[in-house]
Amino acid sequence: DVQLQASGGGLVQAGGSLRLSCAASGFRFDDYVIGWFRQAPGKEREGLACISYSEDGTYYSDVTGRFTISRDNDKHTVYLQMNNLKPEDTAVYYCATGTYLHYCQRRVTLDEYNLWGQGTLVTVSS
């Protein structure tokens, strides 16, 4: 059973922090990248960041300096640390991987990600 499970979302005031987790199972974790995405109501899904086993995080959105992606291969888990949260960060956050994604893309292409977690809701109040 190949599965990704996102967790750690919740309610937070503007300026606060959350750490999201993505737990992976059912595949060789070290061979594949994990990406973080978000989708706000009525908006397109947005790629945020990606990390591989041997590379530093790659960021695709204007979250550099506030969001940090990291990976614990022993725990088969990828994290997204989110600091200085803003109301516009409110969205459902997803983690995902792809069959042929062994390294992070320079520019994110959502179609290459074919395995998605269920998502976790982040709500930032003003």
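Relevant structure appears above.
A few points on the structure. These figures come from a predicted structure and were not determined experimentally.

**A closer look at the overall build of the chain**
Part 1 of the argument: Of the regular secondary structure elements, the chain holds 0 helices and 11 strands.
Part 2 of the argument: When the helices and strands of the chain are read in sequence order from the N terminus, they spell out β-β-β-β-β-β-β-β-β-β-β.
Part 3 of the argument: By the compact-globule yardstick of 14 Å for 126 residues, the chain fits well, its C-alpha radius of gyration being 14 Å.
Part 4 of the argument: On the principal axes, the C-alpha backbone points of the chain span a range of 40 × 25 × 25 Å.
Part 5 of the argument: Here the chain holds 126 residues, and the buried ones make up 44% of them.
Part 6 of the argument: Surface summary for the chain: the accessible area is close to 6900 Å², and the carbon and sulfur share equals 43%.
Part 7 of the argument: Within the chain, one finds 11 positive and 14 negative side-chain charges whose respective centroids are separated by 4 Å.

**So, the pairing of strand 7 (residues 67-72)**
Part 1 of the argument: Along strand 7, the buried face is formed by Phe67, Ile69 and Arg71; none of Thr68, Ser70 and Asp72, which line the opposite face, is buried.
Part 2 of the argument: Two elements, strand 7 and strand 8 (residues 77-82), share 6 bridges in a ladder whose sense is antiparallel. Among the inter-strand pairings, Asp72 is bridged to a residue of strand 8, identified as Thr77.
Part 3 of the argument: Hairpin connection from strand 7 to strand 8: 4 residues lie between these consecutive antiparallel strands, with His76 at a positive phi of about 55°.

**Description of unusual backbone geometry**
Part 1 of the argument: Residue His76 is not a glycine yet carries a positive backbone phi of 55°.
Part 2 of the argument: In this structure His76 comes out as partly exposed when scored by relative accessible area, which is 32%.

**Points about the state of the cysteines**
Part 1 of the argument: For the coordinates displayed, the defined rule picks out 2 disulfides.
Part 2 of the argument: Residue Cys22 pairs covalently with Cys95 via a disulfide, S to S 2.1 Å. An S-S torsion of about 75° defines the bridge between Cys22 and Cys95 as right-handed. Taken together, the residues Cys22 in strand 3 (residues 18-25) and Cys95 in strand 9 (residues 91-97) connect sequence positions 73 residues apart.
Part 3 of the argument: Paired by a disulfide, Cys50 and Cys104 hold their sulfur atoms 2.1 Å apart. Judged by the sign of its S-S torsion, about -85°, the cystine formed by Cys50 and Cys104 is left-handed.

Cut-off values and rules
- Residues numbered from 1 in each chain as written.
- Predicted model: local features only at pLDDT ≥ 70, side-chain atom pairs only at ≥ 80, totals over all residues.
- Heavy atoms only, no water.
- Helix = DSSP H or I, 4+ residues; strand = E, 2+ residues; numbered from the N terminus.
- Rg over C-alpha atoms; globule rule 2.2 N^0.38 Å.
- Buried < 20%, exposed > 50% of the residue type's maximum accessible area, 1.4 Å probe, protein only.
- Areas by Shrake-Rupley, 256 points an atom, 1.4 Å probe, with all protein chains shown as cover.
- Lys, Arg positive; Asp, Glu negative; His and termini not counted.
- Charge placed at Lys NZ, Arg CZ, Asp CG, Glu CD.
- Pairing = 2+ DSSP bridges.
- Disulfide = S-S within 2.5 Å.

In short, geometric facts, not functional conclusions.
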